[in-house]
Amino acid sequence: MATERTEKYWTVEEYLAYEQETGIKHEYIDGEIFAMSGGTDNHSEIAVNCTTELSVQLRGRAGCRRFNSDMKVKISERKYVYPDFSIVCGKAEFSNESNTMLTNPTLVAEVTSDSSKSYDKIKKAEFYRSLPSLQIYLIIDQDRPHAELYVRQEKVWIFQEFNSLEDVLPLDVIGCTLPMSEVYRDIELHDVESDFD
């Protein structure tokens, strides 16, 4: 969730040095940097629920690695972003020796907030879909049962929308499914009451 922008033009070198020096995550877009705002309890728990469920399904299967929101994704020489979680199937490739900038995610996901929803659905979606490696882009709402799934099929992106806790997201590219009931397990939803037991 990048929200706060700075009023200075930054080179990539300055941006990377600043992050290294401060330990504060920023997204870098064409010379501007945007501080990553803190997530809510729902935001954090949904991301954990998703990575937990997918980790269980991927356990014991060679070839897929999961990363949390600390892993930066390099979109291009002028764009660096932080997804809420990402998965690489196949060899993970990084643009630096310390392996902190992933270049070939297979799946990236964003859990939206009011402040990031438009950015995640429009500009950030555009950035991610420009990556040749990316096969799945997943956007999850933090306040109500709602997910948007974009899956690459050859040269086109197929869009599916899910609005029910009974729905199951097909993530065939990584050999997994993601039940909405697991995505929203133990989450206090604004628009629906639910029991996950």
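Summarised in this report is the structure supplied together with it. (Residues numbered from 1 in each chain as written. Predicted model: local features only at pLDDT ≥ 70, side-chain atom pairs only at ≥ 80, totals over all residues. Heavy atoms only, no water.)

Thoughts on the nonpolar core
- Formed by 29 residues in total, the largest nonpolar core has its most connected members in Leu138, Leu171 and Tyr184.
- Every element with two or more residues in this core is listed here: helix H2 (41-58), strand E7 (85-89), strand E9 (107-112), strand E10 (136-141), strand E11 (147-153), strand E13 (168-171), strand E14 (176-179) and helix H5 (180-183).
- With 5 residues, H2 is the single largest residue contributor to this core.
- Every residue in contact with leucine 138, bar those within four places of it in the chain, is listed here: Phe85, Val108, Ala109, Glu110, Ala147, Glu148, Leu149, Leu169 and Leu178.
- Formed by 20 residues, the second largest nonpolar core is a distinct cluster that contains Ile29, Ala92, Phe127 and Tyr128. (Core = buried A, V, L, I, M, F, W, Y, C linked by side-chain atoms within 4.5 Å. Buried < 20%, exposed > 50% of the residue type's maximum accessible area, 1.4 Å probe, protein only. Helix = DSSP H or I, 4+ residues; strand = E, 2+ residues; numbered from the N terminus. Contact = heavy atoms within 4.5 Å.)

A short note on the environment of cysteine 89
- With respect to the helices and strands, cysteine 89 occurs in strand E7.
- Assessed through its relative accessible area of 26%, cysteine 89 is described here as partly exposed.
- Sequence-wise, cysteine 89 and leucine 134 are 45 residues apart; in three dimensions their C-alpha atoms are separated by 10 Å.
- Once residues within four sequence positions are removed from consideration, cysteine 89 is found in contact with Gly63, Cys64, Thr106 and Ile174.

Topic: the pattern of salt bridges
- One pass over the full model with this rule turns up 13 salt bridges.
- Close ionic contact of lysine 25 with aspartate 70 constitutes a salt bridge, the shortest N to O distance being 3.6 Å. Separated by 45 residues along the polypeptide, lysine 25 in the loop between helix H1 (12-22) and strand E2 (26-29) and aspartate 70 in the loop between strand E4 (64-67) and strand E5 (72-76) bring together distant segments of the chain.
- According to the relative accessible area criterion, aspartate 70 is exposed, its value standing at 53%.
- The residue arginine 144 makes a salt bridge to aspartate 141 at a minimum N-O spacing of 3.5 Å.
- One network of salt bridges, with partners in common, ties together Glu27, Glu110 and Lys124. (Salt bridge = Lys/Arg side-chain N within 4 Å of Asp/Glu carboxyl O.)

Brief notes about the packing of aromatic side chains
- Scanning the model with the defined rule gives 8 aromatic pairs in all.
- Centre to centre, the rings of tyrosine 28 and tyrosine 80 are 6.1 Å apart; their planes meet at 70°, and the pair counts as edge-to-face. Of the two residues, tyrosine 28 sits in strand E2 while tyrosine 80 sits in strand E6 (residues 79-81), which places them 52 residues apart along the sequence.
- You can call tyrosine 28 buried: its relative accessible area is 1%.
- Put simply, the rings of Tyr128, Tyr137, Tyr150 and Phe159 touch in pairs and so form one group of aromatic residues.
- Geometry around tryptophan 10 places lysine 8 over its ring, the cationic atom sitting 4.4 Å from the centre.
- Cation over ring: lysine 25 sits above tyrosine 82, and NZ or CZ is 5.1 Å from the ring centre. (Phe/Tyr/Trp six-rings, centres within 6.5 Å; stacked < 30°, edge-to-face > 60°. Lys NZ or Arg CZ within 6 Å of the ring centre and 35° of its normal.)

Observations regarding the state of the cysteines
- Evaluation of the coordinates by the stated rule reveals 1 disulfide.
- For cysteine 64, the disulfide goes to cysteine 89, at an S-S distance of 2.0 Å. Measuring handedness by torsion sign, the sulfur bridge of cysteine 64 and cysteine 89 sits at about 110° and is right-handed. Here the residue cysteine 64 occupies a position in strand E4, and cysteine 89 occupies one in strand E7, the gap between them amounting to 25 residues.
- Look at cysteine 64 and you get buried, because its relative accessible area is 15%.
- Cysteine cysteine 50 is unpaired, with the sulfur of cysteine 176 as its nearest cysteine sulfur at 12 Å.
- The thiol of cysteine 176 is not disulfide-bonded; the next cysteine sulfur, from cysteine 64, is found 7.1 Å away.
- Residue cysteine 176 is classed as buried on the basis of its relative accessible area of 2%. (Disulfide = S-S within 2.5 Å.)

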